[in-house]
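Listed below, chain by chain, are the residues.
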Amino acid sequence: MILVLCEATTTEEGDEVLAVPSRQALTLARDLPGASAGVAAVVVDDGEVDVDEVAEDAGRYGAELVYSLEHDLFARYGPETWGTALVAAISEAGATVVVAAGTDRGGEVLAHAAARLDLPLVANVTEVRSDGEAWDLERVRWGGSLLESARLESDCKLVSMLPHAVDAVALDEPEEPELVEFEVELDESLARSCVVDEVVTSTGMSLATAPVVVGGGRGVGSAEGFAQLEQLARLLGGAVGCSRVATNNGWRPHRDQVGQTGTAIAPTVYIACGISGAIQHWSGARSAKHVLAINTDPEANMVQKANWAVIGDLHQFVPALVEAIRARLRSPSTPLRSTHASHVVPQSSPARPRGGRHRAGGHRPTGRALRRRRAHRHGSRGGRRRHR
Amino acid sequence: MRILVCVKRVPIPGARIPVTADGMAVDDALLGHTMSPHEECAVEGAVQLVEAHGGESVVLTLGSADADEQLRYAVSMGVDKGVLVETDGGDWDPQRTATALVAAIRTLEDEGGPFDLVLFGNESADAGGFQVGIRVATALGRPIVQGIKDVEFGGEVADGSVRVQRPTGSASERYELPLPACLGVREGLNLPRYPTMRGRLQARRAEVASTAAHDVGPGGQSLLALQSPPEQVSTTEIVGAGPEGVDRVIEVLTELKVLS
Ligand SMILES: Cc1cc2nc3c(=O)[nH]c(=O)nc-3n(C[C@H](O)[C@H](O)[C@H](O)COP(=O)(O)OP(=O)(O)OC[C@H]3O[C@@H](n4cnc5c(N)ncnc54)[C@H](O)[C@@H]3O)c2cc1C
Ligand SMILES: Nc1ncnc2c1ncn2[C@@H]1O[C@H](COP(=O)(O)O)[C@@H](O)[C@H]1O
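Thresholds, definitions, all that
Residues numbered from 1 in each chain as written. Chains lettered and ligands numbered in written order. Predicted model: local features only at pLDDT ≥ 70, side-chain atom pairs only at ≥ 80, totals over all residues. Heavy atoms only, no water. Axes fitted to C-alpha atoms, helices over the stretch in contact; angles between N-to-C directions. Helix = DSSP H or I, 4+ residues; strand = E, 2+ residues; numbered from the N terminus. Parallel < 35°, antiparallel > 145°, perpendicular 65-115°, else oblique. Left-handed = near helix turned anticlockwise from the far one by under 90°. Contact = heavy atoms within 4.5 Å. Buried < 20%, exposed > 50% of the residue type's maximum accessible area, 1.4 Å probe, protein only. Polar contact = N/O pair within 3.5 Å; in protein donor to acceptor, adjacent residues only side chain to side chain. Pairing = 2+ DSSP bridges. Buried area = accessible area lost by both parts, 1.4 Å probe. Salt bridge = Lys/Arg side-chain N within 4 Å of Asp/Glu carboxyl O. Nonpolar A, V, L, I, M, F, W, Y, C, P; charged D, E, K, R; others polar.

What follows is about the packing of helix α4 (residues 104-117) of chain A against helix α4 (residues 132-140) of chain B. Where α4(A) contacts α4(B), the two axes come as close as 9 Å, and the packing angle between them is 45°. Regarding the angle of α4(A) to α4(B), the classification is oblique. The chirality of how α4(A) crosses α4(B) is right-handed. Residues A:Glu108, A:Ala111, A:His112, A:Ala114, A:Ala115 and A:Arg116 of α4(A) pack against B:Ile134, B:Arg135 and B:Thr138 of α4(B).

Moving on, we come to the side chain of A:Thr27. All names here are of chain A. Here threonine 27 is to be found in helix α1 (residues 20-29). Note on threonine 27: relative accessible area 8%, which makes it buried. At 2.7 Å, the side chain of threonine 27 forms a polar contact with the backbone oxygen of arginine 23. With sequence-adjacent residues up to four places away left out, threonine 27 is seen in contact with Tyr61, Asp167, Ala168 and Val169.

Turning next to the pairing of strand β8 (residues 134-141) of chain A. Residues and elements named next belong to chain A. Extensive coverage of β8 is indicated by the burial of eight of its eight residues. On β8, burial covers both faces: Ala134, Asp136, Glu138 and Val140 on one face and Trp135, Leu137, Arg139 and Arg141 on the other are all buried. Relative to β8, strand β7 (residues 121-131) is paired through six bridges, and the arrangement is antiparallel. Of the residues in β8, the one forming a bridge with aspartate 131 is alanine 134. Counting the residues that bridge the hairpin from β7 to β8 gives two residues, and of these glycine 132 lies at a positive phi of roughly 75°. Here β8 runs beside strand β9 (residues 146-152); their pairing, made up of seven bridges, is antiparallel. Following the sheet pairing, arginine 139 is matched in β9 by glutamate 148. Connecting β8 to the next strand, β9, in antiparallel fashion are four residues, including tryptophan 142 with a positive phi near 50°.

So, about the interface of chain B and chain A. Quite often, the size of an interface is put as the accessible area lost when its parts meet. Taken together, the 89 residues of chain B in the interface contact 93 residues of chain A. Of the roughly 7700 Å² buried at the junction of chain B and chain A (both faces included), carbon and sulfur atoms supply 56%. Scanning the region where chain B abuts chain A turns up seven salt bridges. With 13 residues, the single largest contributor to the side of chain B that touches chain A is helix α6 (residues 243-255) of chain B. Residues belonging to the side of chain B that touches chain A are distributed by class as follows: 39 nonpolar, 29 polar and 21 charged. Pairing of strand β17 (residues 308-311) of chain A with strand β14 (residues 237-239) of chain B involves three bridges; the strand directions are parallel. Within β14(B), the residue paired with A:Ala309 across the bridge is B:Ile238.

Next up, the structure:
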């Protein structure tokens, strides 16, 4: 049996569905060696999630069975309580493979389970190539900048999947998963690491999903220098990002940092001003669909990666661009100063690996009733099943 | 209070990551070395907490003798002591690493008293396993939360707990962990200081303890080969830096529909 730890989310229409990375993890799981023994989704019932709706969605992505883990402590997230619950589910299901999406929570909960079971866990896997008992797999290091082939030898194999490494693909004929409510026994002292409360920190546009990102690096030169980038970002409906040099100099808050230890962005266009394009920066920008570099150095890595590059001083070019856009917005009919009708715009850039966000082609639920099983009580170690 | 920080020595690649001919390691012969930015913030956090509450901070690394450089860097930032758990420098998997770190931490605690906090990076810069801290904390029976960007003690450590926050997009989760506790720290927790000249001199003279790693042998995950991802070739159109370049960029932005 393959277990897939799943996270739920609510769509704009108010439907409860699996988060995209969880759908991707299920998609990957159905093709793994051992899938013939069945694929089960595991959801932690926090009291808010609509387990029925989520189970139905899991069925569309290949789950034949859905374990809903139940305990009063699950109302609040806790890496230790959730990790312990996953351990119980693994033993209940007799799982030989456990997959989670490598999200903040998915990766963390799986690592807690691995630690408790003292089993190996391979993180950020992109592909599994089985080789019988041992698995050969591909994973990423350095925030995606280096590929590793690794071997995993273990009776029970734990892998977290790099989000967006595979597309989520719904089955043509959805499964009708059996829903098993599994009441977990927990040591109450593990409540020590549960969330106490949440504070809302920002309501502005998120860098991760902004359609345009205007990034600034050492070349911007000062905190004040970012004013022109902010104006440009505002005019384009985008967000400001930065390099680690800008963060370390105190010019920008760390939440603006793009890169391996910052945020991964995936805009339609990334306008990189005065950023050299070090690999740790690029690892957060590689999903940008197009790149425009503004840099004094034609040899800069960012210029090499860019679709368009302005070789010049950003302090002259950016204000001029802002002024021209403003003029255009004031009188949209004004023709450009010089026309480039003959100029060929490169079609969308060559495919960038893992580019963009892949929307899963899910369709609306058809209201199919879920089969439920009266779980017989049996003294399994981790807890007991309850019929709902 | 006593605080331990675990850091890992890694190379600093530039535009690409060079791999050795046998594909088994990053070719770092021509590269400088550092620790992960997450870990640098953990070091700064430890120094600040000891400045505010008194006590002692210790930095621990498992790696080759060369990792002495990262320990001394942490000392130059204000950490009191460095400890090297020495290996042959090969690629140790997460289980093997965690087991050796646990053994070293137990020894340090036997000798100098328990650590109130053990800080890790959220993930190492090179291997990125997202797990060594969780394995160590679990073996020690202590709570750990990853992704921490805010650490606070309510004036006194006396209440025996630490308040921490982890950002989740538009919100921040707050946790209150009883001490002793472990934390996986993210860059952004603070702005790490640049070492002063005095700090650097102190670090050069500082005593760095070194012990052989307690080695249980490889775990279930092993490295087969490293490889750079395929180059993303894109043809770059050079746009003029003058007014005609501005027009061209506007044209491009319009075609991309980010400007109407
Ligand atoms: C483990 C690790 C993790 C890291 N994580 C990150 C990360 O998440 N994000 C990140 O950004 N970095 C990260 N770094 C740092 C990274 O290695 C680089 O040091 C950093 O990205 C460089 O920032 P920069 O491009 O602004 O500066 P530089 O590399 O100094 O480049 C400045 C660029 O600006 C250009 N320039 C200068 N003046 C002008 C001007 N007037 N007009 C136009 N162009 C100009 C120059 O030609 C140059 O190309 C990490 C490093 C390590 C070791
Ligand atoms: N060799 C090591 N020596 C000391 N600490 C380490 C070592 N490897 C990993 N760590 C710590 O564990 C964290 C997570 O590492 P990883 O599981 O490799 O992502 C790192 O940020 C370090 O704090």
